[in-house]
Amino acid sequence: MLKTILPLAALLLWAPALRAQQGGDVPKRLERKAETIAHKDADFAKLNDAEERLVVSAIAKKLRDVRRYNWTHLFSKKSLSKTDVGVYVDDADLDALYARYAKSINKREVVSEQQKQDAAPPPELVARPPAVEFIEVHGDPFHGLFQDNEWELLGGSDDAQDLQAQADDALAQAGPQGRITGLTIHSSASTLLNTGKAAAMSHLQLSQARANAALKYILAYLDGKGVRLDQSQVTVDASGENGDGTSGPAAPSGKGAKGNGQPALKDTADYDQYKFVDVKFLVEKPVEKDVPPEIIQKEGDTHSRVVTLDIDVKTSHWLKFRRHTHLRVTHRHTPRRHPGKHKAIGCPDFH
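A full pass over the atoms with the stated rule returns two aromatic pairs. For the ring pair Y88 and Y101, a centre distance of 5.2 Å and an interplane angle of 50 degrees mean the geometry is tilted. In this pair, Y88 sits in strand β1 (residues 76-90) while Y101 sits in the loop between α4 (94-100) and α5 (102-105), placing the two residues 13 residues apart along the sequence. Here the guanidinium or amino end of K78 rests over the ring plane of Y69, the centre of that ring lying 4.4 Å away.

Here's what the structure looks like:
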């Protein structure tokens, strides 16, 4: 009878506390204890009020679970040994934050996460450069800038005057708001054999010397107009149409450059057309129209913040039972005092 009363009495004593532990609310004393535990973590001071409440609530619930376990288990006990608060901040959205701190946040309880975006800044107005158009000022090639087998430019020739007129035309096309941005010179010698001053020169060398002389003349004329071009704005090609400083077919005598493979011309005067300097000006000119500014609208900066909690609970067992118990039974044989000596018993007579 006593063996039945004792467990029943113990159950009646535990029942109110057990019902309290199984309820949804956490007792106030556990919340106070949880707050004391949380304040021992240095990172707890980094939390705002809302985050502090969430962390304290999570610790209090864990304390309630520990007490619930201890009420229902007689031979083992759990205890909350350590808590660790983690605060992760990133100047990006939550997805980027979790990707950045994936290893650290793994296996930790996330108690708070928030993402906010700052107000968008006012739109930025960026002035656009005025619209421009590019114009090529290109005339007919000049054939009379140089005498045969010479590379000194004839300043008083009609072609020299026409070259100056082409430069003036380029300046007029640019206008007061525009500018000359490029100058290209193509030159060539004929395939006739070089003689006189150019006897020791190749056709390519003669063509290059003439291109350089024409360039020097043009730059000097533009400089007098207040326009200066640097080397990066100038292109000179003295290879001619045949690539060796010449253009046109080979000379009729067979002496000179190879030419372009076409039949030779009969009259040497017909080769003057292949002795040329071709000049091209590139002009940049603003377009007369209003260009609206570019509107750049930026979004506000995004910030994200995650608070995690790691609670370490230890379990101790003060009494252990073996799952299988084997009983060993031994038999002790007691020897007889007088082995081999037996008293005979006579058989009864049956009558």
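Here we come to a nonpolar patch on the surface. There is a patch of nonpolar side chains on the surface, built from V132, F134 and L282 and spanning about 250 Å² of accessible area. Inspection of the secondary structure puts V132 in strand β4 (residues 132-138). The exposure class assigned to V132 is partly exposed, which follows from its relative accessible area of 38%.

One open sheet holds the four strands; their spatial order is β4-β7-β5-β6, and the pairing between them is mixed. The open sheet has two edge strands, β4 and β6 (234-237), and neither has a second partner. Ignoring which end each strand starts from, the neighbouring axes of this sheet average 15 degrees apart. Sheet strands in contact with helix α6 (residues 158-174) are β4, β5 (179-188) and β7 (276-286), and its direction is about 15 degrees off that of β7. Packing of helix α7 (residues 203-224) onto the sheet brings it into contact with β5, β6 and β7, and relative to β5 it is tilted by some 155 degrees.

The terminal C-alpha atoms of α7, which comprises 22 residues, lie 32 Å apart, in line with the 32 Å expected from a rise of 1.5 Å per residue. The positive-phi residue at the C-terminal boundary of α7 is G226, with phi of around 85 degrees.

The subject of this paragraph is the sheet that holds β1. The sheet built from three strands is open, its strands ordered β1-β9-β2 with antiparallel pairing. Sheet topology places β1 and β2 (109-117) at the edges, where each strand pairs with a single neighbour. Neighbouring strand axes in the sheet, compared pairwise and without regard to direction, differ in orientation by 10 degrees on average. Bridge count for β2 against strand β9 (residues 302-317) is eight bridges, and the pairing is antiparallel. Bridging across to β9, K116 finds its partner in H303. Of the strands in this sheet, β1, β2 and β9 are in contact with helix α3 (residues 49-72), which crosses β1 at around 160 degrees.

Parameters at a glance
- Residues numbered from 1 in each chain as written.
- Predicted model: local features only at pLDDT ≥ 70, side-chain atom pairs only at ≥ 80, totals over all residues.
- Heavy atoms only, no water.
- Phe/Tyr/Trp six-rings, centres within 6.5 Å; stacked < 30°, edge-to-face > 60°.
- Helix = DSSP H or I, 4+ residues; strand = E, 2+ residues; numbered from the N terminus.
- Lys NZ or Arg CZ within 6 Å of the ring centre and 35° of its normal.
- Patch = residues over 30% accessible without salt bridge, like charges linked within 9 Å, V, L, I, M, F, W, Y side chains within 5 Å.
- Areas by Shrake-Rupley, 256 points an atom, 1.4 Å probe, with all protein chains shown as cover.
- Salt bridge = Lys/Arg side-chain N within 4 Å of Asp/Glu carboxyl O.
- Buried < 20%, exposed > 50% of the residue type's maximum accessible area, 1.4 Å probe, protein only.
- Pairing = 2+ DSSP bridges.
- Axes fitted to C-alpha atoms, helices over the stretch in contact; angles between N-to-C directions.
- Contact = heavy atoms within 4.5 Å.
- Expected span 1.5 Å × (residues − 1).

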